[in-house]
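Here is how the chains run, residue by residue.
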Amino acid sequence: MFQDTFAAEMATRVGSRVEVATDNNLVEGILSTVTTNLVLVIEVDTGYGDNTNLYLSVDSINFVRFPAAAA
């Protein structure tokens, strides 16, 4: 039940900058897509490389933070 509520809340923030922590990673990027099972975060590379798409299982997420925009 909590997983559905968590995914629904995250879905309202699609397009926002996000930090997502799992047991092994801290992922920073743009929240692109949210389903009941998966979250897609796009890590934006400021250099010449490609952006990286990271799919994370909602079950594996320990916490999510939405950093404040730079002033």
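Shown above is the structure to which this text applies.
Procedures and definitions
Residues numbered from 1 in each chain as written. Predicted model: local features only at pLDDT ≥ 70, side-chain atom pairs only at ≥ 80, totals over all residues. Heavy atoms only, no water. Pairing = 2+ DSSP bridges. Helix = DSSP H or I, 4+ residues; strand = E, 2+ residues; numbered from the N terminus. Buried < 20%, exposed > 50% of the residue type's maximum accessible area, 1.4 Å probe, protein only. Contact = heavy atoms within 4.5 Å. Salt bridge = Lys/Arg side-chain N within 4 Å of Asp/Glu carboxyl O.

(A) Region of the structure containing the pairing of strand β2 (residues 26-34). By the bridge criterion, 5 bridges tie strand β1 (residues 17-21) to β2 in an arrangement that is antiparallel. If you follow A21 over to β2, its bridge partner there is L26. What sits between β1 and β2 in their antiparallel hairpin is a turn of 4 residues. Relative to strand β3 (residues 38-43), β2 runs antiparallel, the two sharing 4 bridges. Within β3, the position partnered with I30 by the bridge is I42. Where β2 folds back on β3, the antiparallel hairpin that results is connected by 3 residues.

(B) Expanded view of the environment of L56. Along the chain, L56 turns up in strand β4 (residues 52-57). Its relative accessible area of 10% is what places L56 among the buried residues. Distance in space between the C-alpha atoms of L56 and V44 is 16 Å, their sequence separation being 12 residues. What L56 contacts, discounting residues up to four positions off in sequence, is V20, T22, V27, N37, L38, V39 and V41.

(C) View of the pattern of salt bridges. Counted by the stated rule, this structure contains 2 salt bridges. With its nearest N and O atoms 3.2 Å apart, the salt bridge here joins R13 to E9. Overall, R13 belongs to the partly exposed group, its relative accessible area being 35%. Residue E9 is classed as partly exposed on the basis of its relative accessible area, which comes to 41%.

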